[in-house]
Each structure stands twice: as structure tokens, then as C-alpha cells.
Amino acid sequence: MVETGSVERLVSGLHRAQVLRFGDFVLKSGLASPVYIDLRAIVSHPPLLNQIADLLFQTAKNARIRYDSVCGVPYTALPLATVICSSNQIPMLIRRKEAKDYGTKRLVEGIINPGETCLIIEDVVTSGSSILETVEVLQKEGLKITDAIVLLDREQGGKHRLEERGIRLHSVCTLSTMLDILQQQQKVDTETVEKVKKFILENGFKPAEQNGSAPIKQMCKEMSFSARAQLPGIHPVAARLLKLMEKKQTNLCLSADVTDSKELLQLAATLGPSICILKTHIDILNDFTQEVIKELRALADQHEYLIFEDRKFADIGNTVKHQYEGGVFKIASWADIVNAHVVPGSGVVKGLKEVGLPSQRGCLLIAEMSSQGSLATGDYIKSAVQMAEENSDFVFGFISGSRVSNKAEFLHLTPGVQMQAGGDNLGQKYLSPQEVISKRGSDVIIVGRGILSASNRLEEAEMYRKAAWESYLSRLAVHTQD
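None of the values given here were measured: they were computed from a predicted structure.

Analysis parameters
Residues numbered from 1 in each chain as written. Predicted model: local features only at pLDDT ≥ 70, side-chain atom pairs only at ≥ 80, totals over all residues. Heavy atoms only, no water. Buried < 20%, exposed > 50% of the residue type's maximum accessible area, 1.4 Å probe, protein only. Helix = DSSP H or I, 4+ residues; strand = E, 2+ residues; numbered from the N terminus. Pairing = 2+ DSSP bridges. Right-handed = clockwise from strand over helix to strand, strands pointing away. Salt bridge = Lys/Arg side-chain N within 4 Å of Asp/Glu carboxyl O. Polar contact = N/O pair within 3.5 Å; in protein donor to acceptor, adjacent residues only side chain to side chain. Contact = heavy atoms within 4.5 Å. 1 Å grid on protein atoms, 1.4 Å probe; cavity = no way out; pocket = protein on both sides within 12 Å on 5 of 7 lines; lining within 4 Å. Points joined across faces, edges and corners; volume = space filled by probe spheres on them. Axes fitted to C-alpha atoms, helices over the stretch in contact; angles between N-to-C directions. Phe/Tyr/Trp six-rings, centres within 6.5 Å; stacked < 30°, edge-to-face > 60°. Left-handed = near helix turned anticlockwise from the far one by under 90°. Nonpolar A, V, L, I, M, F, W, Y, C, P; charged D, E, K, R; others polar.

Student: Before we go on, may I ask you to explain the pairing of strand E14 (residues 337-340) in this structure?
Tutor: Successive residues of a regular strand alternate their side chains across the two faces of the sheet. In E14, alternate side chains face the same way, and those of Ile337 and Asn339 on one face and Val338 and Ala340 on the other are all buried. Where strand E13 (residues 306-313) meets E14, three bridges bridge the pair, whose relative direction is parallel. Across the sheet, residue Phe308 finds its bridge partner in E14, namely Ile337. Across four bridges, E14 lies against strand E15 (residues 362-366) in parallel orientation. Pairing of Ala340 across the sheet is with Leu365, part of E15. For the crossover from E14 across helix H13 (residues 347-356) to E15, the handedness is right-handed.

Student: What should I look at first to understand the pattern of salt bridges in this one?
Tutor: Two side chains bearing opposite charge may form a pair once their charged atoms approach each other closely. Per the stated rule, a full pass over the model turns up 24 salt bridges. Among the ionic pairs, Lys382 bridges to Glu136, the shortest N-O distance being 2.8 Å. Highlighted residues: Lys382 in helix H14 (residues 379-390) and Glu136 in helix H4 (residues 129-140), separated in sequence by 246 residues. Salt-bridge contacts for Asp443 lead to Arg475; the nearest nitrogen and oxygen are separated by 3.2 Å. Residue Asp443 is located in the loop between helix H15 (433-439) and strand E20 (444-447), and its partner Arg475 is located in helix H17 (residues 457-481); the two are separated by 32 residues in the primary sequence. In terms of burial, Asp443 and Arg475 fall into one category: buried. A cluster of three or more residues bridged by salt bridges with shared partners is formed by Arg240, Arg297, Asp301, Asp336 and Arg361.

Student: When you look at the side chain of His281 in this model, what are you seeing that I'm missing?
Tutor: Structurally, the position occupied by His281 is in the loop between strand E12 (277-280) and helix H11 (290-303). A polar side-chain atom of His281 sits 3.2 Å from a polar atom in the side chain of Asp310. What His281 contacts, discounting residues up to four positions off in sequence, is Asp257, Glu309, Asp310 and Lys312.

Student: Looking at this model, I keep getting lost on empty space enclosed by the protein. Mind explaining?
Tutor: Rolled over the atoms, a probe sized like a water molecule indicates the empty space that remains. Evaluated as defined, the whole model comprises two cavities of 30 Å³ or more. A volume near 30 Å³ is recorded for the second largest cavity. Around the second largest cavity, the lining residues are Ala256, Val258, Leu264, Thr280, His281, Ile282, Ile284 and Leu285.

Student: So what exactly am I meant to see when it comes to the environment of Phe398 here?
Tutor: With respect to the helices, strands and loops of the structure, Phe398 is situated in strand E16 (residues 395-399). If we skip the residues at most four places from it in the chain, Phe398 touches Leu364, Leu365, Ala367, Ala384, Val385, Ala388, Val404, Ser405, Phe410, Leu411, His412 and Leu413.

Student: I keep staring at the sheet that holds E15 and nothing clicks. Help me out?
Tutor: Across a sheet, paired strands are connected by hydrogen bonds in the backbone, their directions being either parallel or antiparallel. Overall, parallel pairing links the eight strands, which are arranged E11-E12-E13-E14-E15-E16-E17-E20 in a closed barrel. Ignoring strand direction, the axes of neighbouring strands in this sheet form an average angle of 30 degrees. Pairing analysis gives four bridges linking E15 to E16, with the strands arranged parallel. Within the sheet, the bridge partner assigned to Ile366 lies in E16 and is Ile399.

Student: I tried to follow the packing of aromatic side chains on my own but got confused; where do I start?
Tutor: Remark: the centre distance and the inter-plane angle together describe each pair of aromatic rings, the angle taken between the planes. Under the counting rule described, the total for this entry stands at six aromatic pairs. With a centroid separation of 4.8 Å and an interplanar angle of 55 degrees, the aromatic rings of Trp469 and Tyr472 are classed as tilted. Residue Trp469 and its partner Tyr472 are located together in helix H17, separated by three residues, close to a single helical turn. The same class applies to Trp469 as to Tyr472, namely buried. Every member of this aromatic cluster is reached through a ring pair, and the members are Phe225, Trp469 and Tyr472.

Student: I'm lost on the packing of helix H1 (residues 4-16) against helix H2 (residues 46-62) in this one. Help?
Tutor: As a packed pair, H1 and H2 sit with axes 11 Å apart at the nearest point and diverge in direction by 145 degrees. Here H1 runs over H2; the crossing is left-handed. Each of Ser6, Arg9, Leu10, Gly13 and Leu14 in H1 lies in contact with H2, whose residues at this interface are Leu48, Gln51, Ile52 and Leu55. Residue composition of the contact of H1 with H2, grouped by class: five nonpolar, three polar and one charged.

Printed below as a string of C-alpha cells:
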């Protein structure tokens, strides 16, 4: 154990540096939190940085951990790992969040000796996801990971989750202990301490149950579309979409997979008031012209919905850049939203972003597909979420069968929706609006054949709109009661 006096001095230092703040904050997940912890500021306080690094090293020493090298979880823990290794003459490894597009293209920098043990250093642990991401990268290099040292454990399930994966977590301090020390030092009042402790208890993490995806936060309160639209850092396209969804009371996206431009425009005009998004496959039109696009754009502005070109970009960055801005279709000039596969790696997003970002367009990443036998599971989903988080200035959500990220800034759109669950003879699987919105946590249903095959398309669209919207309201009500 680290000496009590050392921890008390640490907590005082963190409080003076305004690393710990109490009040009303909106976290990245969208939750309203009474406490905010930001350890990035410690790099501007060298004595505090050295103090934390020494406590982390002493914690590892007291636990008698045997290791050959140290790796800090990017990015806040990197300077801590650097000080530890420099002061104690320990080899250090640096994990990149993404490989460079040039040079060695490595994800881990430093001398790697497969079979050796690497100790993980982290600043704060909540769910343990960041540590597990680093562990996975290092293990692929042949290194053994048995332990992780963290400055602050928020006591929200991360330690238990890491233990399930064979990683022992050792913390210098827990959030509860830190609160008790601050209360004893009369730096926070009893009411604040109790409020934060209650928040910790009610907002733990548990592993997701399907597809091996990242842990999903069990939120005590579901945010409304309008509240999410006001989040700081929300993508402009996401904010616009959330606002019009709330205004029109619709979370229905029409998949207008038709081959005739006259039929496409008729659908847009008739069903426009019922939808929030019109999804197109512009390359299947037999009579495409730029005039059709002008009319489609005018209808979108008139009826207040966004246009989503379901292009599914899946090539190298330079190629998708040209496909997006040029060619016959000039997609970037009229489509508010496009989507992309993550198979090619981050280059596909970078290429699209060069074109779409200046025009305030947005992109969805395909994290899951509704077809039977899809390979978009497990690590693929995890990679899609990570890629979205690293490019949130352009990517604002996912095409997925369920909620794959609990960051409220990200939207989830689910295809393969019909009133009756089932499938077709080509491997398409269908889910009901209630299943998709209420149970799986998606935001928007994408409906094609369920509406297009109906004798009265407007009536059918309204039926889907009402079912999806009522499911959203039901989801809000359930979480409000909880």
C-alpha cells in the first residue's frame, strides 16, 4: 500500500491543479455527472507529474510485479510512463492509436522482445476499455500482460472487467478514497461527496452481451434527441438531424431503392413529411441526370429531411476521395450523409474527410450488417467504434443492428426493419421497430421493401414512423423511471 500521507498530498495537489472539478458536467457518454476528472493538465505541473509517476512506480514495486518494459495508455499516461522509465532506467514502449501511413507503419514503437512482460500505466480507469485496447495491441506483438497500474480507479466496474481478462489492476487511489480525503480537508462538502458516490453506484459498466462489442454503459437516464443535439462537440450533421427528428417526430429513414428517377422524386415528395432521412442508391437509377439531383435536393429542403447516399465506400483514400467528389454523380455536392466500410483502414475515412469536412458533410461507419452470415462482428465492430472516435469531426454514427457505442454524440441507424421479424431467401434478416429502438438502443430505423411493396406507401410509412417514434418515447420513459 502507498502511505496515507503520500496519497493525501497527492489529492491536495490534484485539487490545486483543478484536475478534479465538482458541479454539473456532461460527459462524452452524454451522462450528466457531478464530477469531472481531467488529468491532461498535469503536464503543466512538473512537480505533480513527478509525484504521480513516483506513486505509480511505488505501487508496482509494493505489489512485487515482475516486468521487463512499461507502456502508457495513450495519451494522458504517456508522460507518466516516460518519467517512470527515465527515472528508473526501464525500457519503454509507445503504443500508437493508429499506424502511420509511411515508414515502418508500426502500432508499437520501441524494442519489442516477444515473450517478455510489459506493465501497463493508466491515469484513470472507468470501464477498463482503454487498457484492454492497449493490451490487445501489445499481445499481438508477442508480449505478456499481467498487470496494470492506475492512478485513479473510478470504481465503476473496470477492475472486475480487467480481472475477467486476466489483468490485475493496482490503483494508487480510488475515487471514494479521494472524496473522503477532500471532505476531511474541507475542500468539498458532505452533500457533494454523497452525490458523487451515488453517481458511481448508479453508473457502472458491464460487458455487452452480443457480438463481442465494447462494453455498453448502463445509463440511469436516456437523453432525448433534442438534448443530444445540444451536446458540446456534436457533429453539425448529427445536431441538424436530431433537431429535425424531434421537430417532425420521426426517426424513420426511407430506403428508396428504385431504378426510375420519376418514382424516386415521387417518393421524396409524398413521403418527405414522414421521414427524417431519404436513403438513395443513386447508381441504380437508369435515367440519372444532375437535374434529378436538383429536384431531390429541393424536396429535401422543402420537407426537412437529410439525403443519405448509401455508397458504402470501401477503397483506398485517394480512390474514395475521387469517387466522393467527382465522377458522374458528384456525391459530395448533394448528399448530406455517406457511409463507409472500415475494412480498408483509416485511409478510407481520411480520403472522404478531405472532401466532406469543408462542406460540413457527415459519414456513418458500417459496424454491423443485417444480412445473414455477416462477418462484421467482434473485433470488426470494435475497430469501427475506435475509428469513429478518432474521426469524430467527420464520422457521427454507425450503421448497425444495435447500439455499439454509448457516446450520445454518435447516432445508430439500423437497416433490415419490417413490422414482422423474419427474412428473405437472399439472407436478409428483418427486425421489428420495437426490437430495434426499444431493446437494441438504435436511433433510426431504415425501411425499404416494407414500405415500397405496400399498396398505400404513405399509410405504410406513417405506420412505421409511429411505431419507431413510440418505441423511442417508450425507451425514454423506461430510463426516466429507472
